[in-house]
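Observations on chain architecture
Listed below, chain by chain, are the residues.
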Protein chains: 6
Amino acid sequence: MNHNMNIHTFIGCESEYKDSRIIIFGAPFDSTTSYRPGTRFASAAMRNESFGIETYSPRQDKDLLDTKIYDGGDLELCFGSPELALYDIECMERDALDDGKLPIMIGGEHLVTLGAVRAAVKKYPDLHIVHFDAHADLRDDYLGQKLSHACVMRRCHELVGDGKIFQFGIRSGDREEFRWGRKHVETSKFGFEGIKTLKEKIGDKPVYFTLDLDVLDPSCFCGTGTPEAGGVSYNQLIMAIEEVAKLNVVALDVNELSPMLDQSGASTALACKLLREIMLYFYKE
Amino acid sequence: MNHNMNIHTFIGCESEYKDSRIIIFGAPFDSTTSYRPGTRFASAAMRNESFGIETYSPRQDKDLLDTKIYDGGDLELCFGSPELALYDIECMERDALDDGKLPIMIGGEHLVTLGAVRAAVKKYPDLHIVHFDAHADLRDDYLGQKLSHACVMRRCHELVGDGKIFQFGIRSGDREEFRWGRKHVETSKFGFEGIKTLKEKIGDKPVYFTLDLDVLDPSCFCGTGTPEAGGVSYNQLIMAIEEVAKLNVVALDVNELSPMLDQSGASTALACKLLREIMLYFYKE
Amino acid sequence: MNHNMNIHTFIGCESEYKDSRIIIFGAPFDSTTSYRPGTRFASAAMRNESFGIETYSPRQDKDLLDTKIYDGGDLELCFGSPELALYDIECMERDALDDGKLPIMIGGEHLVTLGAVRAAVKKYPDLHIVHFDAHADLRDDYLGQKLSHACVMRRCHELVGDGKIFQFGIRSGDREEFRWGRKHVETSKFGFEGIKTLKEKIGDKPVYFTLDLDVLDPSCFCGTGTPEAGGVSYNQLIMAIEEVAKLNVVALDVNELSPMLDQSGASTALACKLLREIMLYFYKE
Amino acid sequence: MNHNMNIHTFIGCESEYKDSRIIIFGAPFDSTTSYRPGTRFASAAMRNESFGIETYSPRQDKDLLDTKIYDGGDLELCFGSPELALYDIECMERDALDDGKLPIMIGGEHLVTLGAVRAAVKKYPDLHIVHFDAHADLRDDYLGQKLSHACVMRRCHELVGDGKIFQFGIRSGDREEFRWGRKHVETSKFGFEGIKTLKEKIGDKPVYFTLDLDVLDPSCFCGTGTPEAGGVSYNQLIMAIEEVAKLNVVALDVNELSPMLDQSGASTALACKLLREIMLYFYKE
Amino acid sequence: MNHNMNIHTFIGCESEYKDSRIIIFGAPFDSTTSYRPGTRFASAAMRNESFGIETYSPRQDKDLLDTKIYDGGDLELCFGSPELALYDIECMERDALDDGKLPIMIGGEHLVTLGAVRAAVKKYPDLHIVHFDAHADLRDDYLGQKLSHACVMRRCHELVGDGKIFQFGIRSGDREEFRWGRKHVETSKFGFEGIKTLKEKIGDKPVYFTLDLDVLDPSCFCGTGTPEAGGVSYNQLIMAIEEVAKLNVVALDVNELSPMLDQSGASTALACKLLREIMLYFYKE
Amino acid sequence: MNHNMNIHTFIGCESEYKDSRIIIFGAPFDSTTSYRPGTRFASAAMRNESFGIETYSPRQDKDLLDTKIYDGGDLELCFGSPELALYDIECMERDALDDGKLPIMIGGEHLVTLGAVRAAVKKYPDLHIVHFDAHADLRDDYLGQKLSHACVMRRCHELVGDGKIFQFGIRSGDREEFRWGRKHVETSKFGFEGIKTLKEKIGDKPVYFTLDLDVLDPSCFCGTGTPEAGGVSYNQLIMAIEEVAKLNVVALDVNELSPMLDQSGASTALACKLLREIMLYFYKE
């Protein structure tokens, strides 16, 4: 008798690490969330609920069953210590990059991106960042704290420099963030205007793609800590991701699902489906 | 003193059976639901909440008060035994068809459609089926079970044959379902493309119309067990139903509302309003 | 040591009464709500949750920090006595108008509008009303009650007369309301058709603007007692408000948020953001 | 074909009015509720959920199937007008008393008791009242309103006079209520001390029994608008009701269940079970 | 690099099958649940939430870290087919018993017990059953269905015969169940009266212990489909389990947790803690 | 016109700082919470919901209206930085102690206690601590973090030394915590055994009293992150607090309410009532 039913992965991601082209892992951390915490539960919820979706994508006519993807489970991150958490994320990410994998991190609050970008920029000094979000995340500090989810793109900017960050969907931030942003990053407000010129602008340079799910309109994604009305639809997001898939993406993340705020489960289901589509878009043999 | 306040019907559906052109009834069954059960509560919730809507439709400028519709209450179905439940549904449907009524069944999970189609196809051997859904429901079996909500259109196909089933809004299924479907049914993926040619294709042949409410985008209908992002809007659905109303519809159903997942009540309210619109669209003196 | 942290206002509305151009106040009353009560909690919830949004509007490139707005807190209204509640609202509104302020009332159920309109029409006998809503609210009485949220625009009509009320977004009501409405008010069904001709029609005459948030589609605003499918999007609403801001608006209100129905908080967050946009649109030095 | 499945009564209460010894009816009114409304949904929720309990009581070894009880449905009460609502309740109660029935009213907020007591005291001028509650409900007015749920026993006292009201379980009220109460009513604080002497004190005089369910500790009954810690257990309550059943109870009510606050359904289920036990305790051939 | 973080077991149950004395497994089945389904999610929820409790029991001064327990994950059971589901359960249970393990099954609805008892009684023909529950579960059929959760002890009785089933905590059932029960099983109503004489009555005969968690009062365990007021407390239950642990228990189960009804998580947390205590009570080297 | 309705304090705590004997303030911090965060919302929720309780205590026959208590609002604490947060708490606490006030802090997670104890022990080097809790909180570190809610009493021990900490109600912890605890602190497991000897043991020495609300059984207090079955009742807790009120308590806190987990509001209401009782017990002219 040989049971193995307590292996718990995202649906269709049951390959061995060594055979896999993509690895996914969870970064359940939300200690700096200033408003409503709970994104720490996102990766576990997505694994649980992924069994409510199919492995096959009618849109792409591709199937996770034809891929080799490893689900590395969740990192055990220290609540209350952003620096330690970021360090653990960076190590995980670095290992995956060094092994030639495409790492996909599931947040967690948006700060987790910083750990991954730290690893990516060390390997790819010319790293560009494509950033989908409702919020600019460009503050220099938040209540004196430099390592806050509200500052994450500012911290990333310190690593990659001017003109390397491309933001889309941004519709919230304080005045100072927008002022600063105008000089240092490229921001497309409200939607995806200009997304089709990305390939032309970035070419084959290495790209980190960070997707804050609150870029979606709260009508289709209410399960997030700071819902911002006036966002994009699921179909608009999918089409934008198709554009990003044309770039040389070396690592990516999906963050800010907060399952406790998702009573109906529709946000978690959307996140699962989106992750499937992303894995299929970015999967290369 | 003569109180009759414990009669409990959908708003505006208080006529006697014998006088009515339309009858509605509930089929509260969800035993084969593979993921999140709860559609068994749909018909009772819709009756309760129907008193939050009006009997008058501004869109159609018609009023339930001018119709004769009988609400037959809920069937008492045996949980755990799909075959028995389907049999009871078939009897109810057969009686209504034999009495010259237009039966409208409120599910329950989508499997209940099979019971109604069995009755309809016996009376109308040339039955066609118009199917709005997010899911193809074309599996041959589900974990070995042939009578599962995931297989319901496959079972219906066995009754009506090739080329008689027209699917719209489909955006989920496994690869095999889509492959099989290409040969045996007509499927419009994602939306209602082609809906305007239905009349031309089907003419005056008898039609069973089955509406799985998860064809709607979860943004406007989150109260369902398997929400699928990327669906249609309420207004798109209404316009598609207008097209179906041009056909010779002999029976129909509305299914897969799951009230426990609808904390705000917006999905139940939508289902009530939609049922009102449907009754008014399909009502003929 | 001088703490003042228990002052509780909407974000960015911390000016003194005497210095302010706009005053906001809550009217937490829902006693006549016929279906699901709970709007009494709206103003308190909006104050609490306003700290989850920014003071800066990327759309308008304006900031509440540059305004002088006074938050007068909530009126203490008597539940169970609509007449007393309306009287208290009228007094508050009258004082604000007499002091040259622009009062913005946060409901509560829609009946509260009547108290404010009573004050406004006394000061501005030629008052016009712009009314965004899913429901016509034109009944003469509701179960014998004249002071009901379902009758509020009918009561307002008695104060301002024919041709002064302009309704938008209406998609629910009984047949009689629509019949009556055709003779006495201007109604744009379903959306904002004709909104751009308002300025031409009303000119510089004084306008009361009443915004029932259920004009929004339940997909983006499910936290309300009678959600009506088929409504407008957030962006459509913002653009319509831009048109209203061109009028000579002397007072306004925002009503019918019901926080208990808003498990995810997305409706409350939208209401907060909308109030910020409204304050910035209607703020004049 | 003869369906009657849309008759909707509390389980086991399906007799005709004329044959019944007990009649139950709902009084869905909560307009004066000062804090969290929602008790208007209690009677409908109890009917729906009553099908989750049995008709048989293991405690009493009695069965509703052996009784004749009529469920008169819900009164249609005018929200926003306590006086009208109380009048309708009084009429219903008067008819039942005149027809020799034992009326059991299901609230609604506690104010509904006043309507029933008005009818009862007209028929039985020597009426006594037994009152189980967490709150004294003895205010003279509440924000100027005399007809408020917080004043209901004070209003009842005006009808029955000193020494006729016996309160149990009281653990909340303002200082003035307790002062006033000491002179005019008998109050047993916190629990049921003295309940066994009731028979001796009241003898066979006519008794109205009003049961505010918040007398229960919130641990077993959280589904109520103003939960008060430190209450009695279900078993303590049942034993106290057994004592009341020894009195000459001519009418009674059960009130203050608020289903929206009862996510798990445990409070509604308790209320259903309690109503079954009460009907069986007070049923006399 | 060697990650194994996607192994998903109950806390402290990470041993290999072959080394373990106890095995636990989930039986996520609820298709015959007549009222509110959802127990299918219990075992997954308990694994997830088990990381919120400790492995150490202060009451017993024992630690799961000192045990060898295997978590076999969840069986994949066919919804809609009780007979197939019971067969799969019986096989799992039989294997565990044949391998000399103590199997602990986590339901699921109570019907799952029948599968386990079928296996146990084949190995131990003299099997006795100790049954903690709020409900007698002694119906002969439920709406014509013999394999229903409401009939499970009746079906078990057919396997073990008269005088072998000992019920405790029973406080609900129809009259016929109690009548039948008096002749064929031993029932202690409401609580645990007589529990201390069990050892004397049963001696060292093999015992199957089935624990329906709704034996607990809904105050401490509201997360179950049919909450019954008047139940036992957590401490009373623990002390009763201590008595059962003195018997020769060869297999056991814990069932009827319904996580969807447990908004606060307190019921799931209790179930986790109880399972820990049970594993420690019944663990023998 | 002079409105001040946007002052937001706990009910009955409206005095000026300088006149007050007691000050209350919120410490909304939960960044180190290892399991389910959300206690950051406790103090705001308690202020909001305090208007659902009375200022008068029937148990003590005392009224907050006769006291002078200042509500200092909430500290603005930096999420993600325990050290900064603790520093701000210490400053607030130190000022209050220096001004001769009795500070009552409302958490937040239990770690906030450390900030307050740091201030108290500086002023009262002989400080004793009375600690009510379900959890021992005696770990040396938690995932490497020393400043974690799971370590708070261990950190406090480092400040006050052996034999100064008296724990009650403890029923959870790892084995090592209990071993260590036996040597360094006095622990009463499960309940309040020995509470009556506290006065004798501690005499008039200065005492810090920290009350983790999860000492209560989850039946009466489910709104907390780590509910532990087997706790004390509300009445038992009140009686234990009466004993603590006989000591020379110089500062205290109440923590670990998590409003998001309290759907019914019963836990928040209990916390409000408890705070009222505590303020009245510890209030000295």
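Residues numbered from 1 in each chain as written. Chains lettered and ligands numbered in written order. Predicted model: local features only at pLDDT ≥ 70, side-chain atom pairs only at ≥ 80, totals over all residues. Heavy atoms only, no water.

1. Details of the overall build of chain A
Secondary structure assignment for chain A yields 8 helices and 10 strands. For chain A, the C-alpha radius of gyration of 17 Å lies close to 19 Å, the compact-globule estimate for 285 residues. Reported as C-alpha extents along the three principal axes, the dimensions of chain A are approximately 65 × 40 × 35 Å. Sequence-distant contacts in chain A: of pairs separated by 6 or more residues, those separated by 24 or more amount to 78%. (Helix = DSSP H or I, 4+ residues; strand = E, 2+ residues; numbered from the N terminus. Rg over C-alpha atoms; globule rule 2.2 N^0.38 Å. Contact = heavy atoms within 4.5 Å.)

2. Remarks on the interface of chain F and chain A
Residue-level contacts link 23 residues of chain F with 23 residues of chain A. Summed over both partners, the interface of chain F with chain A comes to about 1700 Å²; 64% of that surface belongs to carbon and sulfur atoms. The largest share of the area that chain F buries against chain A comes from Pro-37, Leu-143 and Met-260 of chain F, three residues that together contribute 28% of it. Run the count over chain F and chain A and you get 0 salt bridges. On inspection of chain F and its partner chain A, the count reaches 9 residue pairs in polar contact (both at pLDDT 80 or more). Within the side of chain F that touches chain A, the residues separate by chemical class into 11 nonpolar, 8 polar and 4 charged. (Buried area = accessible area lost by both parts, 1.4 Å probe. Salt bridge = Lys/Arg side-chain N within 4 Å of Asp/Glu carboxyl O. Polar contact = N/O pair within 3.5 Å; in protein donor to acceptor, adjacent residues only side chain to side chain. Nonpolar A, V, L, I, M, F, W, Y, C, P; charged D, E, K, R; others polar.)

3. Some thoughts on the interface of chain C and chain B
Counting residues at the interface gives 25 residues for chain C and 19 residues for chain B. With both sides pooled, the region where chain C packs onto chain B buries about 1900 Å², and carbon together with sulfur makes up 50% of that total. Considering only the side of chain C, the residues that lose the most area to chain B are Tyr-35, Arg-175 and Ala-229 of chain C, jointly responsible for 30% of the buried surface there. Seen at the junction of chain C and chain B, the total is 4 salt bridges.

4. Quick notes on the side chain of His-131 of chain C
All names here are of chain C. Of note, His-131 is situated in strand E6 (residues 128–132). With relative accessibility at 0%, the residue His-131 sits in the buried group. Looking at His-131, its side chain comes within polar contact range of the side chain of Gln-167, at 3.2 Å. Once residues lying within four places of it in the same chain are set aside, the contact partners of His-131 are His-110, Ala-136, Asp-137, Met-153, Phe-166, Gln-167, Phe-168, Ile-170 and Thr-210. (Buried < 20%, exposed > 50% of the residue type's maximum accessible area, 1.4 Å probe, protein only.)

5. Side note on the relation of the copies chain F and chain A
With an axial shift of 0.0 Å and an RMSD of 0.0 Å, the rotation relating chain F to chain A amounts to 180 degrees. As the rotation angle and translation indicate, the two copies are arranged about a two-fold axis. It is Ser-31 of chain F whose C-alpha, among those of chain F, lies nearest the rotation axis, at 2.3 Å. Take the interface residues of chain F: 100% of them recur as interface residues in chain A, which is what a same-surface contact looks like. (Least-squares fit on C-alpha atoms with pLDDT ≥ 70 in both.)

6. Re the sheet that holds strand E6 (residues 128–132) of chain B
All names here are of chain B. Overall, parallel pairing links the 8 strands, which are arranged E4-E1-E5-E10-E9-E6-E7-E8 in an open sheet. Among the strands making up the open sheet, the edge pair consists of strand E4 (69–74) and strand E8 (186–189). On average, adjacent strands in this sheet sit at an angle of 15 degrees to one another, irrespective of strand direction. Relative to E4, strand E1 (residues 22–27) is paired through 4 bridges, and the arrangement is parallel. (Pairing = 2+ DSSP bridges. Axes fitted to C-alpha atoms, helices over the stretch in contact; angles between N-to-C directions.)

7. Quick word on the side chain of His-184 of chain D
Residue and element names in this part refer to chain D. Of note, His-184 is situated in helix H5 (residues 175–184). A polar contact is formed between the side chain of His-184 and the side chain of Asp-162, at a distance of 2.8 Å. Ignoring sequence-local partners within four residues, the contact set of His-184 consists of His-157, Asp-162 and Gly-163.

8. Thoughts on the confidence of the model for chain A
Of all residues in chain A, 98% have pLDDT values of 70 or greater, and the mean over the chain is 95. The ipTM assigned to the predicted complex is 0.95, against a pTM of 0.95. (pLDDT = per-residue confidence, 0-100.)

9. Overview of the environment of Lys-189 of chain E
Structurally, the position occupied by Lys-189 of chain E is in strand E8 (residues 186–189). For Lys-189 of chain E, a relative accessible area of 34% translates into the label partly exposed. When the C-alpha atoms of Lys-189 of chain E and His-135 of chain E are compared, they prove to be 9.8 Å apart, with 54 residues separating the residues in sequence. Of note is the side chain of Lys-189 of chain E, whose polar atom sits 3.1 Å from the backbone oxygen of Pro-58 of chain D.

10. A closer look at the relation of the copies chain C and chain B
Each copy of the sequence occupies a distinct position, and chain C is placed on chain B by a rotation of 120 degrees and an axial shift of 0.0 Å, giving an RMSD of 0.0 Å. The superposition operator between the copies reduces to a three-fold rotation axis. Looking at the rotation axis and the C-alpha trace of chain C, the residue lying nearest is Ser-219 of chain C, at 2.8 Å. A low fraction, 8%, of the interface residues of chain C reappear at the interface in chain B, so the copies pair through non-equivalent surfaces.

11. Considerations on the packing of aromatic side chains
Summed over the entire model, instances satisfying the criterion amount to 48 aromatic pairs over all chains. With a centroid separation of 5.8 Å and an interplanar angle of 80 degrees, the aromatic rings of Phe-132 of chain E and Phe-168 of chain E are classed as edge-to-face. Placement of the pair is Phe-132 of chain E in strand E6 (residues 128–132) and Phe-168 of chain E in strand E7 (residues 165–170), with a sequence separation of 36 residues. As far as burial versus exposure is concerned, Phe-132 of chain E and Phe-168 of chain E are alike and both buried. Positioned over the ring face of Phe-79 of chain D is Arg-40 of chain D, at 3.7 Å from the centre of the ring. (Phe/Tyr/Trp six-rings, centres within 6.5 Å; stacked < 30°, edge-to-face > 60°. Lys NZ or Arg CZ within 6 Å of the ring centre and 35° of its normal.)

12. With respect to helix H4 (residues 152–160) of chain C
Burial of H4 of chain C is extensive: 7 of the 9 residues sit out of reach of the surface. Among the residues of H4 of chain C, Val-152, Met-153, Arg-154, Arg-155, Cys-156, His-157 and Val-160 of chain C are the ones counted as buried.

13. Some points on the packing of helix H1 (residues 42–49) of chain F against helix H8 (residues 266–282) of chain F
Packed helices, taken two at a time, are described by their axes: the angle between them and the distance between them. Residues and elements named next belong to chain F. The N-to-C vectors of H1 and H8 enclose an angle of 80 degrees; their axes lie 9 Å apart at closest approach. The orientation of H1 with respect to H8, classified from their angle, is roughly perpendicular. Touching Ala-45, Met-46 and Glu-49 of H1 are Thr-268, Ala-271, Cys-272 and Leu-275, all from H8. (Parallel < 35°, antiparallel > 145°, perpendicular 65-115°, else oblique.)

14. Focus on the pattern of salt bridges
Evaluated as defined, the whole model comprises 144 salt bridges over all chains. The residue Lys-164 of chain C makes a salt bridge to Asp-126 of chain C at a minimum N-O spacing of 3.6 Å. Highlighted residues: Lys-164 of chain C in the loop between H4 and strand E7 (165–170) and Asp-126 of chain C in the loop between helix H3 (112–123) and E6, separated in sequence by 38 residues. Owing to a relative accessible area of 31%, Asp-126 of chain C belongs among the partly exposed residues under this scheme. One salt bridge in this structure joins Asp-30 of chain D and Arg-40 of chain D, with 2.8 Å as the shortest N-O distance. Here Arg-40 of chain D lies in the loop between strand E1 (22–27) and helix H1 (42–49) and Asp-30 of chain D lies in the loop between E1 and H1, a separation of 10 residues in the sequence. One salt-bridge network, held together by shared partners, links Glu-54 of chain A together with Arg-139, Asp-174 and Glu-177 of chain B.

15. Comments concerning helix H4 (residues 152–160) of chain B
For H4 of chain B, the secondary structure elements touched by its buried residues are helix H3 (112–123), E6, strand E7 (165–170), helix H5 (175–184) and strand E9 (206–212) of chain B. Positive backbone phi, approximately 90 degrees, marks Gly-161 of chain B, located one or two places after H4 of chain B.

16. Structural notes on the pairing of strand E10 (residues 248–255) of chain B
All names here are of chain B. Counted residue by residue, E10 has 7 buried out of 8 residues, so it is predominantly covered. Bridge analysis of strand E5 (residues 102–107) against E10 gives 3 bridges, and the strand direction is parallel. Bridged to Ile-104 within E10 is Leu-252. Bridge count between E9 and E10: 7 bridges; the pairing is parallel. Looking across to E10, one finds that Thr-210 is bridged to Asp-253. With respect to chirality, the unit in which E9 leads through helix H7 (residues 234–244) into the neighbouring parallel E10 is right-handed. (Right-handed = clockwise from strand over helix to strand, strands pointing away.)

17. With respect to the state of the cysteines
Overall, the coordinates contain 0 disulfides over all chains when judged by the stated rule. With no disulfide of its own, Cys-220 of chain D lies 9.6 Å from the sulfur of Cys-222 of chain D, the closest cysteine sulfur. Just so you know, Cys-156 of chain E is unpaired, no disulfide at all, and the nearest cysteine sulfur is the one on Cys-151 of chain E, 11 Å from it. (Disulfide = S-S within 2.5 Å.)

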